[in-house]
Every structure is written in C-alpha cells, then in structure tokens.
Amino acid sequence: MKSKIFTLTFITLIFLTFSFSQQSGYRKSWALIIGINEYQSLPPLTGAVKSAKMIREKLVREFGFEAENVIELYDDHATRENILKAFDRLMDPKRIGKDDRVLIYFAGHGVTRTVGGKDKGYIMPVDGVMEKFASTAISTDQLHEFQEAIPAKHVFFAMDACYSGTIFTRGIGLRESIPTSRSEAIAQFTSKSARVAITAGGKDEQVVDLADQGISVFAFYFLRGLDGESDLNRDEVITSSELADYIAKNVRFRAPQNPQYGKLPGDDGGEFIFVRSAFVSVEQKEQEKQPDVVARPLQPQGERKPQGRVVERRLEKEKQKIYWLYAFAGRNMNFYSIQEENVVYESTSGDGNLVGIGFESIFEPWLILSVNAFYDQKDGNLKIRGGDIWNEVRLSYTVTNLVIKLTSYNFYSFFGLSLGISTEIKQTIKSGRAVLRESKIETPELRLSVPFGIGYDLKIGDFKFFAEIGYDYGLTNVAKDVKWRVSSMQIMFGTRLGL
C-alpha cells in the first residue's frame, strides 16, 4: 500500500511537469540577457542595464523562465569573450533540448558598417572599439551562425539597439489566420521552428530612453506588450509577431526610431510565444495595468553624452521572490543501532510519519538557507534473537532543522543539522501477540542528527511543488541509560509559496 502511494505521487509530479509544458508550449525556457551602460571606449548609456534587468525579471516572474536558466551579463561582465562563452552554453545540445526556447535580449550600442559594398550590423560588447569593430564587435553573420547552432526549436533576438536590417533574411507581417482557442494557438505556433528578431531601430538611429523610468522606449513597450497589451485576440498567447507589431507602432509614435522585425535563417514559419503562468492572479494583473504614457523623448545630445529621457509616470520595478514558506509530509524507514549486554537483535528496523512547515531564503540562485520544524516518528520493531520476542519501540520527536541547499536547475542537494526533543518514548515487550511488559524509557536525550539528500522543485508561478529523498543520520542515543541510536531514510513531498 505504501509503495503504491509513493508511486502514485511520483506519477502525479510527472503529470504536473508534462501538463505545465503543454500549457507553455515548451519543455524549458532559456535566456541570455545583456545590458551595457559603461562602455570602455564608446559613449555611455543610461538605460540599458535597467532595461535588461526588468525584462529578465518579467520573464522569470511571469513566463516560466527559470532563474538558473537565465545568463546575465551587465557592464564589465559583458565582454566579447563572455558573450561568446554564453552562446557556447546555449549551443550545447546536452543543455538545450529540441523542445526548448531561447530568448536573447541585448541592450547597448549597435552599429552599421559598409563591408564589401554591403551594410553589415554589429553589436558592441563593453570592450568593443569602433575603429576595430571587425575584431572587437559581434557581427550579424556571427549571430546567424550562433542561432542556427542552438538546438532549441524557437529562438528570439530582441535587440535594444539600432543598426540596419541586415540581420534578417526577410521581413514578416502579422498572420492572416488567428487560432480560435488558446490550446489551438499553442499547438499551431509551436509545431514549427521559429528564428525571429526585432531591433529597436534602423541604421544610424539612436535609441531613446525615458526620464524617471531609467529604461528605453523599446524596453518600456516590450514590458507593456508582455502585460497583455499586444495580445490582439485576447487568447492569452502573445506571439513574437504580435509583440513586435505593438512595439513598432508605439515606439515610432513616441520616438524617432523605426523598430524592425524579421525572420532569421532556419525559420520554418513557427512563432515564439509567451504564455503567462496560470498562477499569476487576476488581482496582480489589474495592479500591473497602467494608463497611457505620454513620452517626450529629448533630441540626442553630443556623441559622448548620455541620451535624454522624459516620461510622466514611474514604472514600478517588479520584485523577484527570495523568501518561501513551505509545508511537507513524508515517511520514514528507520534503522536502529543497538548495543545491549546479553541481548542480540535479529531485526532493528521500523517506520513512521513526518509532517511539518518551513521557511527558506534565497541568498544566491544556487544557495538557499532553510529552517523547518516538524513532527517525526521513528518507531522500531526490534526482534530479539532466539525466540518469538519483540521489543516494539514507540519513539517520536519535535524536530528543528537548519539546512543549506545547493541548487542546479530544478534539482538541489541539501545537508544540515537537526535537533529533536522527545515527545514520546516507550517500549512494549511482546511474545507473539501477548504483551509481556510496557514501560517508558526514562531520561530521554536530545537527539542530534545530520540530514542530507537530494530534491526536485517544480515551479509554477508563485508555487513550487517538491519531492525529496534523504538520510537522517543519528549522532546521539535516544536516552541516557541505553546505547541506542536511530537513523532514517526519508521521502518527503510538499509545496512552497513565494512571498
């Protein structure tokens, strides 16, 4: 019966994972986010880093991009070498699957140069030098090679920079046929490969920022488009072409820029899509709606001066959840280590339940500190050798754990220190079914142990569903007058809520 319950729970977790992938259209979501303000040899920018960070937070918070799957490069870290290394990671077939999606967002300088009589676009890393663009910048030809080598079925370049349309193989208009349902839209748009890109402007145009906001006009409307304003048929599926059309119309109206959208080599007619998590509440959506914003971009200043920005309303920065409450339940398989004079045991195992609550804080994407408290049963069925004599031990604790978790993607390992205070310790001596003696074990000890193991988190919106398997190694005896220690194999399931 117990094995059936565990099997059913695992099947449920697998089903939840499959269900979520069907709702979003992808197995996993990956992103490379680059923002550069402080160039080493080029005019400084003021809105690029904040624009990139806000896009990143929107993707992670609402659209199923796991934080550990997002590569971030800002200012000094956004060197040409680091950007190329990031693309190496995105081209790794051991990491990226054929049913994944990859979004690349670049906010910084872009330039166009005439090479061999043709215009060629470049993005400028933080260490890029205008006079040495061939060796210090990254060309659109290289971007083509990178995106064709990325194993994911959908790739979307969003370039918050200006250069000519040479990145595209052909332009794209909006689709003539619009699916009638959300499920039909997801199935239709993700059935074919997609390789698309949008740039903030054309050749020799300057990207304009918005004052008070500290972000670009392009990023502002990118965010508003993801809030749902670009969803033409209100099916809650935002396609890359819908988003690009919304951005282009609004940016052209508010700033002297002409965003461009088009296909890249390898595109087969699919659509990169954004589906908001089902756990984003209606109340949150209402709070995020904003009135029309009148942007009055200033004329670009001298070459080495930051670009001006004016806006009438402050865009509230979203917060990433770093605190989580959780609840869990599970089962123990207990193992006793016993040393008694003149008594030898044939069987020293047992079982028991556990249930509790906890709190955790995320210090780094890979490092989490967790504290929990729970009720823990460590019963034992101890058979004495040489007859049909059983020593049945009833042992229970209230336990506090301090645990460190090291995460990698959805998986994590944990280890820590556990302190248990006994709530019940008694033993019953039986011969067959007959009770020979019942007694409480006097002078119980505080139980110290070391828990360690592995777990898996399935994140859906503000919730995480998790499963753990671990070992709780006992360090102390259960009482002062006995030489008994108990350790446990533990399987736990639970859910976490982000604060």
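Everything numeric here is computed off the predicted structure, so don't read it as measured data. (Residues numbered from 1 in each chain as written. Predicted model: local features only at pLDDT ≥ 70, side-chain atom pairs only at ≥ 80, totals over all residues. Heavy atoms only, no water.)

Peer 1: Explain the overall build of the chain residue by residue, including any values.
Peer 2: The helix and strand tally for the chain stands at nine helices and 24 strands. Per-residue burial for the chain yields a buried fraction of 52% across its 499 residues. Long-range contacts, defined here as pairs at least 24 residues apart, represent 73% of the contacts in the chain between residues at least 6 apart. Of the roughly 23400 Å² that the chain leaves accessible, carbon and sulfur atoms contribute 55%. (Helix = DSSP H or I, 4+ residues; strand = E, 2+ residues; numbered from the N terminus. Buried < 20%, exposed > 50% of the residue type's maximum accessible area, 1.4 Å probe, protein only. Contact = heavy atoms within 4.5 Å. Areas by Shrake-Rupley, 256 points an atom, 1.4 Å probe, with all protein chains shown as cover.)

Peer 1: Summarise empty space enclosed by the protein; cite the residues concerned and give the values.
Peer 2: Considering all chains together, one arrives at one cavity of 30 Å³ or more under this definition. Counted as a void, the largest cavity has a volume near 210 Å³. Looking at the largest cavity, it is lined by 20 residues, and the ones nearest its centre are Asn-372, Asn-401, Phe-414, Glu-468 and Met-492. Taken together, the elements giving at least two residues each to the lining of the largest cavity come down to strand 15 (323-338), strand 17 (367-377), strand 19 (389-408), strand 22 (447-460), strand 23 (463-474) and strand 24 (484-498). (1 Å grid on protein atoms, 1.4 Å probe; cavity = no way out; pocket = protein on both sides within 12 Å on 5 of 7 lines; lining within 4 Å. Points joined across faces, edges and corners; volume = space filled by probe spheres on them.)

Peer 1: Requested: an account of the pattern of salt bridges, with residues and values cited.
Peer 2: Here the idea is simple: oppositely charged side chains can pair when their charged atoms come close. Applying the stated rule across the entire model yields 24 salt bridges. Of the charged contacts in the structure, one is a salt bridge between Asp-351 and Arg-331, with a shortest N-O distance of 3.4 Å. Pair noted here: Asp-351 is in strand 16 (residues 345-364) and Arg-331 is in strand 15, with a separation of 20 residues, a long-range link. When its relative accessible area of 27% is taken as the criterion, Asp-351 is described as partly exposed. Within this structure, Glu-360, Lys-405, Asp-457, Glu-468 and Arg-496 form a network of salt bridges that share partners. (Salt bridge = Lys/Arg side-chain N within 4 Å of Asp/Glu carboxyl O.)

Peer 1: Which residues make up the confidence of the model for the chain, and what values do they have?
Peer 2: In the predicted model, the chain carries a mean pLDDT of 81, and the fraction of residues at 70 or more is 79%. Across residues 169-177, confidence stays below pLDDT 50; counting only partners more than four residues off in sequence or on other chains, it has 22 contacts. Scored below 50 in pLDDT, residues 278-319 makes 89 contacts in the model with residues more than four places away or belonging to other chains. (pLDDT = per-residue confidence, 0-100.)

Peer 1: Could you give me a rundown of the packing of aromatic side chains, with the residues and numbers involved?
Peer 2: Considering all chains together, one arrives at 20 aromatic pairs under this definition. Ring centres 6.3 Å apart and planes at 40° place the aromatic pair Tyr-105 and Phe-218 in the tilted group. Here Phe-218 lies in helix 7 (residues 217-229) and Tyr-105 lies in strand 3 (residues 101-107), a separation of 113 residues in the sequence. Each of the two residues, Tyr-105 as well as Phe-218, counts as buried. (Phe/Tyr/Trp six-rings, centres within 6.5 Å; stacked < 30°, edge-to-face > 60°.)

Peer 1: Could you give an account of the environment of Ile-460, naming the residues involved and the relevant values?
Peer 2: One can find Ile-460 in strand 22. Taking the relative accessible area as the measure of exposure, Ile-460 reaches 7% and is therefore buried. Separated by 397 residues in the primary sequence, Ile-460 and Phe-63 place their C-alpha atoms 9.6 Å from one another.

Peer 1: So, the packing of helix 7 against helix 8 (residues 240-254): which residues are in play, and what are the values?
Peer 2: One way to put it is that helix 7 packs onto helix 8 with a least axis distance of 9 Å and a crossing angle of 135°. The orientation of helix 7 relative to helix 8 falls into the category oblique. The chirality of how helix 7 crosses helix 8 is right-handed. Residue-level inspection shows Val-217, Phe-218, Tyr-221, Phe-222, Arg-224, Gly-225, Leu-226 and Glu-229 of helix 7 in contact with helix 8, the latter providing Leu-243, Tyr-246, Ile-247, Asn-250, Val-251 and Arg-254. Tallied by class, the residues present in the contact of helix 7 with helix 8 amount to nine nonpolar, two polar and three charged. (Axes fitted to C-alpha atoms, helices over the stretch in contact; angles between N-to-C directions. Parallel < 35°, antiparallel > 145°, perpendicular 65-115°, else oblique. Left-handed = near helix turned anticlockwise from the far one by under 90°. Nonpolar A, V, L, I, M, F, W, Y, C, P; charged D, E, K, R; others polar.)

Peer 1: Please provide a residue-by-residue account of the sheet that holds strand 4 (residues 110-115), values included.
Peer 2: Read across the sheet, three strands follow the order 4-5-6 without closing on themselves; strand pairing throughout is antiparallel. With partners counted over all chains shown, the strands left at the sheet margins are strand 4 and strand 6 (138-139), one partner each. Judged from the two bridges that link them, strand 5 (residues 118-123) and strand 6 form a sheet pairing that is antiparallel. The partner of Tyr-122 across the bridge, within strand 6, is Ser-139. (Pairing = 2+ DSSP bridges.)

Peer 1: How would you summarise the pairing of strand 22 if you had to cite specific residues and measurements?
Peer 2: Direction of pairing for strand 20 (residues 411-431) relative to strand 22: antiparallel, over a ladder of eight bridges. Its bridge partner lying in strand 22, Ser-413 is registered against Ile-454. In this structure, strand 22 lies alongside strand 23, joined through twelve bridges in antiparallel fashion. When the bridges of strand 23 are listed, Phe-452 appears paired with Tyr-471. The loop that links strand 22 with its antiparallel partner strand 23 comprises two residues; one of these, Gly-461, has a positive phi angle of about 65°.

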